[in-house]
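Each chain, written out:
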Amino acid sequence: MKQEPHLLNHLNEGLIEAGCDEAGRGPLAGPVYAAAVILPENFHHPLLNDSKQMSAKDRELLREIIEKEALAYAVEAVTAEEIDNVNILNASIAGMQRAVRRLSLRPQFLLIDGNRFKPCDGIPYRCVVKGDGKYAPIAAASVLAKTYRDEFMTALAKEYPEYGWDRNMGYPTREHIDAIIKYGYTPWHRRSFHVKELEPKLF
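Presented here is an overview of the structure given in this document. Computed from a predicted model, the values in this text were never measured in an experiment.

## Regarding the pairing of strand S2 (residues 32–38)
Line of reasoning, step 1. Judged by how many residues are buried, S2 sits mostly within the fold: seven of seven residues are covered.
Line of reasoning, step 2. Side-chain alternation along S2 places Val32, Ala34, Ala36 and Ile38 on one buried face and Tyr33, Ala35 and Val37 on a second face that is also buried.
Line of reasoning, step 3. Where S2 and strand S3 (residues 72–78) come together, seven bridges link them in antiparallel fashion. Counted as the bridge partner of Val37 is Tyr73 from S3.

Shown next as structure tokens:
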């Protein structure tokens, strides 16, 4: 069985390529997570896809397989405080750069999900819009970033059960916004993320 037929295993044949992606750019709370993954050239799995198109159960299954079979992988978290200081785009890029630097195998090329990145240690790269649905290494990185972040937010929800983070993962759902209005912000909230109903509480 092969993975989604539209997923390509590489852009440049013969180069060690790492796929990079992040999870958690849109939430009001929690870190943004970034991952870098180098897959074997012949890696295939029928469930591998953009993590947003996968069920939580399938993501967890793929996480285990990716961690076992990847030639190298790394996952990094960038805190809400740093997001507020440098903005979410720069925080996401910084997270991907840190993940790349933590890889046990130095990549020769980077496949970046999205349309923005900054040079990382002189490694050539290409940004690919919706790359998590086009390249297997990016899809694998999206799975790791998403599962690591969901695991963190689910654990954090036990400390702050009022906000429903085990269900909304910090995204601006009605439940989450109402909880902020009632209980206020936590140290895990991104103060630079404006939601209309919350603006009076930001100043």
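## Digging into the state of the cysteines
Line of reasoning, step 1. All chains considered together, the criterion is met by zero disulfides.
Line of reasoning, step 2. The cysteine Cys120 is free of any disulfide, with Cys20 supplying the nearest cysteine sulfur at 7.8 Å.
Line of reasoning, step 3. You can see Cys127 has no disulfide; the closest cysteine sulfur is in Cys20, sitting 9.8 Å from it.

Rules behind the numbers
Residues numbered from 1 in each chain as written. Predicted model: local features only at pLDDT ≥ 70, side-chain atom pairs only at ≥ 80, totals over all residues. Heavy atoms only, no water. Buried < 20%, exposed > 50% of the residue type's maximum accessible area, 1.4 Å probe, protein only. Helix = DSSP H or I, 4+ residues; strand = E, 2+ residues; numbered from the N terminus. Pairing = 2+ DSSP bridges. Disulfide = S-S within 2.5 Å.

Everything listed here is a matter of coordinates, which is why it stays silent on function.
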